[in-house]
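Chains, contacts and geometry: an overview
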Amino acid sequence: MKKYTCPMHLQVLKDEPGKCPICGMDLVPFGKNSEHSHHDNTTKNHESHSQKGFNKHEGHHTSDFIKRFWVSLALTVPILLLSHMIQEWLGFEISFPGDRYVLMALGTAIYIYGGMPFLKGMVGEIKSKAIGMMTLVALAISVAYFYSMAVALGFPGMDFFWELATLIVIMLLGHWLEMRSQMAASKALQSLVALLPNEVTIERNGQAVKIQLDELVNDDIILIKPGEKIAADGWVLEGSSSVNESMLTGESVPVKKQMDAKVIAGSINGDGVLKIKATGVGKDSYLDKVINLVQDAQAAKSNTQNLADKVAKWLTFIAIAVGLGTFVFWYSNSGDLAFALERMVTVMVTACPHALGVAIPLVVAISTTLSATNGLLIRNRTAFETTRKLSVIIFDKTGTLTQGSHRVQKTIPLTDKYSADDIIQYAAAVQQNSEHHIAKGVLHTLKDRKLDLWKSENFQLIQGMGVMGTVKGKSVIAAGPNYLKDKSLALPEIPKDINQDAETVNFLLIDDEVVGIITLADTIREGSQQAIDDLKKMNIKSYLLTGDNEKIAAAVSNALGMDGFFANVLPHDKQEKIKEFQAKGEIVAMTGDGVNDAPALAQADVGIAVGSGTDVAAETADIILVNSDPRDVSKMIDFGKRTYQKMIQNLVWAVGYNIIAIPLAAGVLYPNFVLSPAMGAVLMSASTIVVAINASLLKLNKSNS
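Given the structure is predicted, the values throughout are model-derived calculations rather than measurements.

**Notes on the pairing of strand E12 (residues 274–280)**
Burial runs high along E12: 5 of the 7 residues are buried. Pairing of strand E6 (residues 221–224) with E12 involves 4 bridges; the strand directions are antiparallel. Considered in E12, the bridge of Ile-222 is made with Ile-276. Taken together, the 6 bridges between strand E7 (residues 233–239) and E12 define a ladder with antiparallel strand orientation. Bridge pairing in E12 links Gly-234 to Ala-278.

Right under this line is the structure:
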């Protein structure tokens, strides 16, 4: 699956090289830049193109932005020390022969090196007719640089080198904070590709041959050994096994596969050997369809401009219009070129406040740190603009509202010969060599009860029914009802308090006598009930969405008092359910933990991932519940409202002074008053300080209201 992405807009992912529809840049091979170096050989086998494209777009990676920030910061220090305006403010003086040329050289270096991403970004925005922050920053630093160079070479006026430097430094930092969140889309899609194996064993001319995944074609006969990942969609020709499809379908119990059964690429084979005929390789696979669903939903969401971009767009137009108008007015009325240019430059630099560059990124940075210490990881700032309007929250079941693993619910001795602990110890002893989910649940209970694990011998798997072995010289079998039926043994009466719709029943036989019953179920996670109750208090509806069967879904939904449930739902169906709610005008949040949830997480207005789940879910979501506590959903909603309010307040502070500063800079009160570049800088600095203080006042309510 060869993919191509835009180095600036990583949510754009295409099957063929071409141009980015957002900025017009050349698409480059996906997964090849330094941000993705963690990716394993699986992806490498899907991409065979060179990475030359990334070098053509230097300055558009998060690592490059932070490098430019540190270099620019280092250059800014001597620029500040050599700037006469700063010296006047702080009451010191540094001068030596040729100091203005040093200042010019430093200013040129920071303009070219630190400003290059914004200059390139301006070209991209203009080409794509999407004027925004990059254009505004590029315009401001260019005007400040060229005017300052003219002043340094003898043109009357005060240079803006110090403002040029600080503007570039702050904008680099703000843009770096913003770009970090854009990596989510790329990482999510890489994690999906990583579900496929690196090599595949196929049958050719009666011989088993290993090939690379990208050499696999439809109709190849694939041999799948126990524990291996299935490389392609297909049909089982020979063999029998239980296959773990939970990463793709959400079904918590491994699915039995035998002749003529369909298997899905990316699922994991259990303890049997399968021979399958490949029918869905690469783009034809179900996994590739999931990848495309995630990509499309993320790209659609990313096309919505955030509020800061809109403000930057209008400030750009205002700066150009007022700046040119100011120059024309003063030059035509006074004939003083120096004064007219100074007024124009002051207007255009004033229109690009430092505070606007950090207004939202600063809130995001503070809220991210604050939330991480309280069980929340914020990945997408636009999620906070939406949480205040949520009307429906849809929960995945397995691993989200439930533990995601089967645990022992009841241990029932059927004879006085053995106690409940004896039943667990015999069962654990014979199950210890099995990887089945029942075995894991029994061994977990043994550990919880601090019981000894006995040795077992002669372990044997009873395909599709259970396990058997010798423990303490006795023949021990742990199996389900099908074993008893197969051996024509009497099925013990199941106690009425066992909910067979939600619990798996397993029998323990010692020397062919049924001596005990063990039931297991995917238990409801602690905090799930309070989470649903909290949402009801907030007048937000809750629904269960799961790949499990209808009986299990109904049992969980009814136990928690949710507003409804949807069962037997595959990934693309989950996304469709989200769309159905959205079509009704609902503002929807999706909470999940697996690959099967990724399309729905991307489609939802707010995607919430459980931290104990998969990387794919986490990277696709807007918000991660680090502590895997469903109660954090209501905390997240409250915190989202607070964060949104801070963003709006900061934008008001960041832009508000322009309402007064721009007219004054243009000279509307001249000759009684005119805003000097120095006073404009003071106002701008004050606005930045106010924004920083306001962002630091952001608090997270630790109570689960």
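**A few points about the packing of aromatic side chains**
Counted by the stated rule, this structure contains 15 aromatic pairs. With centroids separated by 5.3 Å and ring planes inclined at 50°, the aromatic side chains of Phe-339 and Tyr-670 adopt a geometry described as tilted. Of this pair, Phe-339 sits in helix H12 (residues 337–350) while Tyr-670 sits in the loop between helix H24 (632–666) and helix H25 (677–696), and the two are 331 residues apart along the sequence. Judged by relative accessible area, Phe-339 falls into the buried class, the value being 18%. A relative accessible area of 40% places Tyr-670 in the partly exposed class.

**Some details on the environment of Asn-568**
Inspection of the secondary structure assignment puts Asn-568 in the loop between strand E22 (564–566) and helix H21 (571–583). Between the alpha carbons of Asn-568 and Gly-547 there is a distance of 4.3 Å; along the sequence they are 21 residues apart. Apart from the residues lying within four places of it in its own chain, the contact partners of Asn-568 are Thr-546, Gly-547, Asp-548, Asn-549 and Glu-550.

**Concerning the sheet that holds strand E9 (residues 255–257)**
In sheet architecture, strand pairing relies on hydrogen bonds along the backbone and comes in two forms, parallel and antiparallel. Pairing is antiparallel in the open sheet, where 3 strands are placed in the order E9-E8-E11. In the strand order of this sheet, the two ends are held by E9 and strand E11 (268–269), each with one partner. As defined by bridge partners, strand E8 (residues 241–244) adjoins E9 across 3 bridges and the pair is classed as antiparallel. Note that in E9 the partner of Ser-242 across the bridge is Lys-256.

**Details of helix H20 (residues 550–560)**
Listed as buried for H20 are Ile-552, Ala-553, Ala-554, Val-556, Ser-557 and Leu-560. Of the residues trailing H20, Gly-561 is marked for its positive phi of about 70°.

**Observations concerning the pattern of salt bridges**
A full pass over the atoms with the stated rule returns 12 salt bridges. Across the pair Lys-541 and Glu-586 runs a salt bridge whose closest N-O atoms are separated by 3.5 Å. Of this pair, Lys-541 sits in strand E21 (residues 541–545) while Glu-586 sits in the loop between H21 and strand E23 (588–592), placing them 45 residues apart in sequence. What makes Lys-541 partly exposed here is its relative accessible area of 30%.

**Describing the nonpolar core**
Ile-79, Ile-110, Phe-118, Ile-141, Phe-161, Leu-164 and Val-345 are the most contacted members of the largest nonpolar core, which totals 43 residues. Top element by residues in this core is helix H7 (residues 133–152). It accounts for 13 residues. In contact with Leu-164, other than residues within four places in its own chain, are Gly-107, Ile-110, Tyr-111, Ile-141, Ala-144 and Tyr-145. Ranked by size, the runner-up nonpolar core spans 39 residues in total, among them Leu-136, Ile-393, Val-556 and Phe-639.

**Side note on the environment of Gly-157**
For Gly-157, the location among the structural elements is in the loop between H7 and helix H8 (161–193). Look at Gly-157 and you get partly exposed, because its relative accessible area is 44%. For the pair Gly-157 and Leu-341, spaced 184 residues apart in sequence, the C-alpha to C-alpha distance is 9.1 Å. Once residues lying within four places of it in the same chain are set aside, the contact partners of Gly-157 are Tyr-147, Val-151 and Glu-342.

The rules we used
- Residues numbered from 1 in each chain as written.
- Predicted model: local features only at pLDDT ≥ 70, side-chain atom pairs only at ≥ 80, totals over all residues.
- Heavy atoms only, no water.
- Buried < 20%, exposed > 50% of the residue type's maximum accessible area, 1.4 Å probe, protein only.
- Helix = DSSP H or I, 4+ residues; strand = E, 2+ residues; numbered from the N terminus.
- Pairing = 2+ DSSP bridges.
- Phe/Tyr/Trp six-rings, centres within 6.5 Å; stacked < 30°, edge-to-face > 60°.
- Contact = heavy atoms within 4.5 Å.
- Salt bridge = Lys/Arg side-chain N within 4 Å of Asp/Glu carboxyl O.
- Core = buried A, V, L, I, M, F, W, Y, C linked by side-chain atoms within 4.5 Å.

So far we have only geometry, and geometry alone does not tell us how the molecule works.
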